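A structural walkthrough
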Amino acid sequence: MPVISVPQAFNEDDLYVDLASIFDVPLYLKCEGFNFAGSIKLKAATEMVEAAERDGVLTRDSVLIESSSGNLGVALAMIAASRGYRFLCVTDSRCNLSTRRLMEALGSQVHIITEADPVGGFLGARIDYVEAMCASDSRFVWLNQYRNPGNWRAHLKRTAPAIARDFPGLDVLFVGAGTTGTLMGCARFFREWHRPVHVVAVDAVGSVTFGGPQARRMIPGLGSGVRPALLDESYIDEVVLVEEADTLRACHRLAHRGFLFGGSTGTVVSGAKSWLDRHGSPGITAVAIAPDLGERYLDTVYQTNWLEDLFGKDVLDPVQAAHPFSESLSRPTDAGADPGRGTLVTSRPDADVVPLPLPRSGN
C-alpha cells in the first residue's frame, strides 16, 4: 500500500492504452496524467526544482516564476505549495480557465498575457514579462523550462527507461514537441539504446519549432512561437505536423470510446496515426506519449461553442459519422412517447448554451 507525504512522490508510470481498436493502427499510448499535477510536466518540474535547491539558487526567500501554457505551471504550483515557496505563473489567454483556477487554488498567483509579441507570439511576450520581473526584484527565480537541462534530463532518467522496460521490442516512438524537453530526453536515451528506435517528433501546424511559418494556434501545450533552445534535431529521425482540426477529431474520437485526453495527446495520436497509415507494417511496435488527461479542456476542446466559433460547425463531422449513436441520441423524442417509460434528456447541437465568463486580464 503506497503511503506518501508529498504530492510529487506519486506518479503512475506504467499505464498504456492499446489504440488498435479505435484508430486501426498498432499503437500503444503511454498515459502520463495520473499524478497529483495531472501531467508529464511533474517530472520536469521536480527535476528542475531539486537541481535549483542543490545549487543554492532556490532558497526560502525566493519567489518562483515561470512562463507556462498550463501544465508546468500546475506542477510548479503543486510543488511550491508542498515546499513552502511562493510562485507566479506567467501564462496567456489560451490557457484553460480550469488550469488557471487550479494554480490559484494551490496558492499561486497567475498573470495572464493578453497581447502576443509581433515576432515571438504569446511565448515571446510571456518571456519578456518574466525577464522584466526578474530584473525588477532579485527574489524572483526563473527555472526557465525552455533552456533548463533538467527539463530533458527528467525524461532521460524516467520516461524513456520506463518505455524501454515495458516495450523491449520498441520500433518507433512518437513524442509531441513543446519545449522539447520530453522529446530530447527520450531521443537521447534511445540513441544510446541497444537497438535502433525511430523517434518521430509531432508538432502543430503554425509552430515555428522545426522551421515552419508561424500561424494561429488555439490549443495550448504543443508548438511554439520561438524555436526551443533545448532542441537538437540531430537526435530526431522525422517530424510530423498536425492541423488543429485533426487534433480535435482525435480527441473526440478517443472520448467517444471513453478516454478523455488533452489537446496535446490528440495532436500526438493524430500524427502517429498519419505516420503509421503510411509507414506501418505488420508486427511493428509503436508507442506514443500522452502528456495529460482531458478534464482541463472541457471549456475548450470539448466545448461546442468554442469548437464552432474557432473551427466551424463541421470540424467534427468525420468523428460524428463514425459514431452514429451520438447522432441518434440528439434527435427529439417522439411527441407520443409514453412518459411512464422515462424521459431522455439530450444536448442538441442547436441548444442555447450559457457563455463562460471571459478570462481575466492581469494578475
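What counts and what doesn't
Within every chain, residues take consecutive numbers counted from 1 along the sequence as written. Per-residue local features are limited, in this predicted model, to residues with pLDDT of at least 70; the limit for side-chain atom pairs, both in listing and counting, is 80 or more; totals at the level of whole chains, interfaces and linings are taken over all residues. As a rule here, side-chain values come from all non-hydrogen atoms in the structure, and water together with hydrogens is ignored. UniProt positions are given in the numbering used here, feature names are shortened, and annotations may be inferred rather than shown by experiment. Secondary structure elements are taken from DSSP: a helix is a run of H or I of four residues or more, a strand is a run of E of two residues or more, and numbering for both begins at the N terminus. The rule is simple: take the accessible area with a 1.4 Å probe, protein chains only, and divide by the maximum for that residue type; under 20% is buried, over 50% is exposed, in between is partly exposed. The contact definition used throughout considers only heavy atoms, calling two residues in contact when any of these lie within 4.5 Å. Here the accessible surface of atoms and residues is derived via Shrake-Rupley with a 1.4 Å probe, and residues count as covered only by protein chains that are part of the display. The pairing criterion for strands is at least two bridges between them, as found by DSSP. For every element, the axis is a line fit to its C-alpha atoms; helices are fit only across the contacting stretch, and the angle between N-to-C directions ranges from 0 to 180 degrees.

Labelled according to an unreviewed UniProt entry, the protein chain appears under the name Cysteine synthase A, originating from Geodermatophilus obscurus. Under Subunit (unreviewed entry), UniProt gives the following word-for-word description of the protein chain: "Homodimer." One UniProt comment on the protein chain, placed under Cofactor (unreviewed entry), says "pyridoxal 5'-phosphate".

1. What about the overall build of the protein chain?
When helices and strands are counted, the protein chain shows 12 helices and 10 strands. A total of 363 residues make up the protein chain; the buried ones form 52% of that total. Long-range contacts, defined as pairs at least 24 residues apart, comprise 72% of the intrachain contacts of the protein chain with a sequence gap of at least 6. Accessible surface, the protein chain as shown: approximately 17000 Å² in total, 52% of it carbon and sulfur.

2. Comments concerning the sheet that holds strand β7 (residues 172-176)
Strand order in this open sheet of six strands is β1-β2-β10-β7-β8-β9, and the pairing throughout is mixed. Each having just a single partner strand, β1 (16-18) and β9 (238-242) make up the two edges of the open sheet. Pairs of neighbouring strands in the sheet enclose a mean axial angle of 25°, with direction left out of account.

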